[in-house]
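What follows is each chain in one-letter form.
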Amino acid sequence: MTTPSGDHPEDDYWRRPPHDGATDDPKRPPEPGPAGADPSAGYGGPPPSTPPPPGWRPPLHVRAAPPRQLPPQDMAGLDAVEQRAQHVTWGVGAVAGVVLLVLLCLLCSRAFR
């Protein structure tokens, strides 16, 4: 079971400091706020703001610039380069296949000895 706060002298550190002659009466008036504020008036809302000057925004461009023309493409040259790349790919695949086949044959010949 816990005891209410303040039953032990070590709790004194966590207590509020005493008020300047005031009691802990909930009906006591609120402490004064910033200078010039009337505590009985309540919240007066945010401070008034001034509207910005009429020309504070940058100009708005509704229409975008037309798209630029792309440079012409050499379709025959692109096809030739693509064909050479495909031949290189097939060549590398064939060499890798031959190497794997030779390694498989070597491993099988050792296993059957």
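The sections below set out a description of the structure shown in this document. (Residues numbered from 1 in each chain as written. Predicted model: local features only at pLDDT ≥ 70, side-chain atom pairs only at ≥ 80, totals over all residues. Heavy atoms only, no water.)

Of regular secondary structure, the chain possesses 1 helix and 0 strands. Evaluated residue by residue, the chain yields a buried proportion of 2% over its 113 residues. Within the structure as shown, the chain displays about 11900 Å² of accessible surface, and the carbon and sulfur contribution to it stands at 64%. (Helix = DSSP H or I, 4+ residues; strand = E, 2+ residues; numbered from the N terminus. Buried < 20%, exposed > 50% of the residue type's maximum accessible area, 1.4 Å probe, protein only. Areas by Shrake-Rupley, 256 points an atom, 1.4 Å probe, with all protein chains shown as cover.)

Taken together, the side chains of Val95, Val98, Val99, Leu100, Val102, Leu103 and Leu106 present a nonpolar region at the surface, about 650 Å² in accessible area. Mapped onto the elements, Val102 comes out in helix H1 (residues 75-111). The class of Val102 is partly exposed, set by a relative accessible area of 46%. (Patch = residues over 30% accessible without salt bridge, like charges linked within 9 Å, V, L, I, M, F, W, Y side chains within 5 Å. Salt bridge = Lys/Arg side-chain N within 4 Å of Asp/Glu carboxyl O.)

Tallying each qualifying case throughout the model produces 0 disulfides. A disulfide-free cysteine, Cys105 has its sulfur positioned 6.7 Å from the sulfur of Cys108, the nearest such atom. Since its relative accessible area comes to 48%, Cys105 is described here as partly exposed. (Disulfide = S-S within 2.5 Å.)

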